[in-house]
4 protein chains.
Amino acid sequence: MKQKIKLLLDDTYPAKGSRSVAFFIQGLILLSLVAFSIETLPDLSENSIYWLQVIEFVCVILFTIEYVFRIYVADKKLKFIFSFFGIVDLLAILPFYLSFVVDLRSLRTLRFVRLFRVFKLVRYNRAIKHFTNAISIAKEEILLFLFVTVILIYLAAVGIYYFENAAQPNHFSSIFSSLWWAIVTLTTVGYGDIYPITAGGRVFTFFILLIGLGIVAIPTGIISSALTKTIDEKLPK
Amino acid sequence: MKQKIKLLLDDTYPAKGSRSVAFFIQGLILLSLVAFSIETLPDLSENSIYWLQVIEFVCVILFTIEYVFRIYVADKKLKFIFSFFGIVDLLAILPFYLSFVVDLRSLRTLRFVRLFRVFKLVRYNRAIKHFTNAISIAKEEILLFLFVTVILIYLAAVGIYYFENAAQPNHFSSIFSSLWWAIVTLTTVGYGDIYPITAGGRVFTFFILLIGLGIVAIPTGIISSALTKTIDEKLPK
Amino acid sequence: MKQKIKLLLDDTYPAKGSRSVAFFIQGLILLSLVAFSIETLPDLSENSIYWLQVIEFVCVILFTIEYVFRIYVADKKLKFIFSFFGIVDLLAILPFYLSFVVDLRSLRTLRFVRLFRVFKLVRYNRAIKHFTNAISIAKEEILLFLFVTVILIYLAAVGIYYFENAAQPNHFSSIFSSLWWAIVTLTTVGYGDIYPITAGGRVFTFFILLIGLGIVAIPTGIISSALTKTIDEKLPK
Amino acid sequence: MKQKIKLLLDDTYPAKGSRSVAFFIQGLILLSLVAFSIETLPDLSENSIYWLQVIEFVCVILFTIEYVFRIYVADKKLKFIFSFFGIVDLLAILPFYLSFVVDLRSLRTLRFVRLFRVFKLVRYNRAIKHFTNAISIAKEEILLFLFVTVILIYLAAVGIYYFENAAQPNHFSSIFSSLWWAIVTLTTVGYGDIYPITAGGRVFTFFILLIGLGIVAIPTGIISSALTKTIDEKLPK
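Reading the values: rules and limits
Residues numbered from 1 in each chain as written. Chains lettered and ligands numbered in written order. Predicted model: local features only at pLDDT ≥ 70, side-chain atom pairs only at ≥ 80, totals over all residues. Heavy atoms only, no water. Helix = DSSP H or I, 4+ residues; strand = E, 2+ residues; numbered from the N terminus. Rg over C-alpha atoms; globule rule 2.2 N^0.38 Å. Buried < 20%, exposed > 50% of the residue type's maximum accessible area, 1.4 Å probe, protein only. Least-squares fit on C-alpha atoms with pLDDT ≥ 70 in both. Contact = heavy atoms within 4.5 Å. Phe/Tyr/Trp six-rings, centres within 6.5 Å; stacked < 30°, edge-to-face > 60°. Domains from an automatic or database assignment. Buried area = accessible area lost by both parts, 1.4 Å probe. Salt bridge = Lys/Arg side-chain N within 4 Å of Asp/Glu carboxyl O. Polar contact = N/O pair within 3.5 Å; in protein donor to acceptor, adjacent residues only side chain to side chain. Nonpolar A, V, L, I, M, F, W, Y, C, P; charged D, E, K, R; others polar.

Undergrad: Before we go on, may I ask you to explain the overall build of chain A in this structure?
TA: Counting secondary structure elements, chain A contains ten helices and zero strands. Of the regular secondary structure in chain A, the N- to C-terminal order runs α-α-α-α-α-α-α-α-α-α. Whereas a compact globule of 237 residues would reach a radius of gyration of roughly 18 Å, chain A reaches 24 Å, over 25% beyond that. Each of the three principal axes of chain A carries a C-alpha extent, and together these read 75 × 50 × 30 Å. In chain A, which comprises 237 residues, the proportion classed as buried is 47%.

Below is the structure:
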């Protein structure tokens, strides 16, 4: 019996039952995420709120059953409970039960903890495992270049503050607002909420962009190439 | 006779006649697309509308003749009719004939079906064939990473909703509007219609950008590299 | 005598005199470009206009002397006159002389012809020669994918027109304004002058961005990689 | 004694003492940078300003001690003083001492000289050393293509000025404002403060983007690939 449930909960086991359970749980996760998203819409009707609560209730019950069964079939129960997936499974249902106990004030942050459900999907997605591998392979290089990127962004922020603060005291009010400009500009997002207007600031932006785009692209590039490597090695073509 | 028409309609046959027919049909497709685009201009004169209708009429007649001939020369007629190009050829002319029958209300969507003409061009462009090959080679990887991309965009949307909803209830009114922000930001388009203003939201944006740019670039990168491979293999240099 | 001038005008000849002449002409080109740029500033003082005209006058005289000498030293004079550099050298000075003859109305466009001077710099820059080589190597591939890019941009424009025209008749007034949106979005520039606001238009934008970024990047990528190849082959390291 | 201090100041020496000193100085640099950033916030309380001055005072004292010790332990004292790090160490403390002597007017620029402190971090970061190597390896190519990039940006600015000046005399008032547009557009930042509105200007932007994105990406790409090379060679995997 215990062995049967164990196989049913193992998505890598190629039996029809195991696959159905995996698909069912994934569908449930997606359903609860969609319900969560709809809940944030303003001006929901009474009726919609009622049905969203029903969906949430059903999802929590089913996730709880899954959690209990996973503990039941685990060989080392404590090890599972404190593993990444054990904690994620718990956090996915905890907010619901806590909401009966805790003061209403702190409920807002609690509601968002429910979203740890999304990490339950990691169990079923090989790409995310590749991603974790890639990060751990290139950890040292990523850290080194994140550091260079952060320094460059800081220097860009100080430079633009020097040039623009006098002309636009509202937009470039401190180095912290200038940091926001530096991030938005060097990633080429460019919202347009804040931009240099003085000649000095614009020439500075030009040089920072010519150098900076190359540097900011490096951590991103390292992650991409590490991922491509792990993908090439492990996926059959 | 049937053999002659078949060769004339085959653009890969290196005779002068076949080439002329191919060029003529391509020109006709472009003409009808330009006419379609001009039709959408507001405040067209009576005269212009008249000539656009004439062009449309002529194009449809010629496309119909082409379609009939293609069925005529096909060895397996039903197979051609239900092939990709058979359906595209039909959809390119169908709206015109349906407009005599169907109620005027549904005409707007019908008008756009005419645009399936653009896919008639696929017949003549080797690059698009390479593109289809590339997609089918890398299908599994693209799906895996599209899934990761969608999850990342969802998490970014939830995060920014958490930080910005209180400060900007109009812009970040729900997770759905936040999703729009996440898409526009992580692709670095950055329209500037919606952006974080709280310190928490900005710091969150910074981290999401550092990680996210690398991930969102992956499906795009896979398509690009698959395309480059098929190009290198099949095009003479 | 003729041989001496020929060597002086040949920037690849490693004598001190030839180098000085090359540097002098490059300096003159830059000076005349800067003068041209300053001329476009509104509200120039009488005095500035006077000095800008003096600089322009001196530059034209010296470019004319250069042009005459280059014809004088050319072995096949007609071939030089109708070569790329011969035409560029002529266009650099022609507007000045024509301004004595032609009606004032057409002067504006004439003024900009002076800018062909910038192409005189090509003579002295090896990178630009690499660029020309790269383009000619990858010509066929660039054309194929430019075509795909243009089709994709067109489809994106039609799609967004379909979704947004009713909601924003001023911004997405026709397929031509939608084309502008498609260009600005798929290159990720994202000015923010025009963007979708309907749910349908935003979902459509999401899918177009996921696919489109990969495709629009291809012609750009082909140019870059072709350049890198020619650079690697021809520059000593 | 002198030998002991020398080892303590050498962060590559693997003793516990040397590591502690290195960490302490890095922490001090970060602390003084954070203090500097907070100082730029408007509306600081009297109390905060007092504590920021205390932090600055302590940092300068400690940096001065470090500077004196570094001169003391250097074998060739003059060579150290005029080396990159010698000058950076001096500039990090000079503004503080100069502020007792110099007129208050020039203090603003002086305050920013303090930021040379950030370069003190270079001593401790291998990635920055890789960066310097990469630049010096690819120096010639970077210069060649920076030149091409600058010419392209100039041509884009002149072109858009020609098309847009009449329609938007405020935004495209001269070639210098058009240069700003060209920089912001070709790096795909796209703030949206200035963009073409005429049909001619938009078509021109389309072609400049198709060609330009490839070219502007080259110096950036050269820096990235040179960095990747130096990283691959020197970091253990």
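Moving on, there is more to tell.
Undergrad: Teacher, can you tell me more about the relation of the copies chain A and chain B here?
TA: Mapping between the two chain copies consists of a rotation about an axis together with a translation along that axis. Mapping chain A onto chain B calls for a rotation angle of 90° and an axial translation of 0.0 Å; the resulting RMSD is 0.1 Å. Classification of the inter-copy transformation places it as that of a four-fold axis. Of the interface residues in chain A, just 11% have counterparts in chain B that sit at the interface too, so the contact is made through distinct surfaces.

Undergrad: Looking at this model, I keep getting lost on the packing of aromatic side chains. Mind explaining?
TA: Describing an aromatic ring pair means giving the distance of the ring centres and the angle of the ring planes. Inspection of the entire model under this criterion finds 64 aromatic pairs over all chains. Here A:Phe36 and A:Phe112 contribute two aromatic rings whose centre-to-centre distance is 5.6 Å and whose plane-to-plane angle is 75°, an arrangement assigned as edge-to-face. One end of the pair, A:Phe36, is in helix α2 (residues 16–39); the other, A:Phe112, is in helix α6 (residues 107–113), with 76 residues separating them in the sequence. Accessibility assignment for this pair places A:Phe36 and A:Phe112 in one class, buried. Here the aromatic rings of D:Tyr50 and D:Trp51 are separated by 5.5 Å at their centres, their planes lie at 75°, and the arrangement is edge-to-face. When its relative accessible area of 49% is taken as the criterion, D:Tyr50 is described as partly exposed. Aromatic rings pair up to connect A:Phe36, A:Phe112, B:Tyr161, B:Tyr162, B:Phe163 and B:Phe204 into one cluster.

Undergrad: What is the right way to look at the domain arrangement of chain A in this model?
TA: Frequently, the measure chosen for interface size is the accessible area that the parts lose on association. Entries for chain A in the domain assignment read domain 1 (2–124) and domain 2 (139–234). Its C-alpha centre places domain 1 of chain A at a distance of 38 Å from the equivalent point of domain 2 of chain A.

Undergrad: What is the right way to look at the interface of chain A and chain B in this model?
TA: Between chain A and chain B, the contact holds 38 residues from the first and 38 residues from the second. Contact between chain A and chain B buries roughly 3600 Å² in total, counting both sides, with carbon and sulfur atoms accounting for 72%. Counting across the interface, chain A meets chain B through zero salt bridges. On the surface where chain A and chain B come into contact, there are five residue pairs in polar contact (both at pLDDT 80 or more). Across the side of chain A that touches chain B, the residue classes tally to 24 nonpolar, ten polar and four charged.

Undergrad: Would you mind showing me how to read the side chain of B:Arg114 here?
TA: Residue and element names in this part refer to chain B. With respect to the element layout, Arg114 can be found in the loop between α6 (107–113) and α7 (126–137). Side chain to side chain, Arg114 and Glu56 meet in a polar contact 3.2 Å long. If near-sequence neighbours (up to four positions away) are discounted, Arg114 is found in contact with Phe36, Glu39, Glu56, Leu91, Ala92 and Pro95.

Undergrad: Mind showing me how you'd approach the pattern of salt bridges here?
TA: Side chains that differ in charge, positive against negative, can pair when their charged atoms come close. One pass over the full model with this rule turns up 30 salt bridges over all chains. With a closest N to O distance of 3.0 Å, C:Asp89 and C:Lys120 form a salt bridge. Of this pair, C:Asp89 sits in helix α5 (residues 84–98) while C:Lys120 sits in the loop between α6 (107–113) and α7 (126–137); the two residues are 31 residues apart in sequence, bridging distant segments of the chain. Taken individually, C:Asp89 and C:Lys120 each receive the classification buried, so the pair is uniform in this respect. Because the salt bridges share partners, they merge into one network encompassing A:Glu39, A:Glu56, A:Arg114 and A:Arg117.

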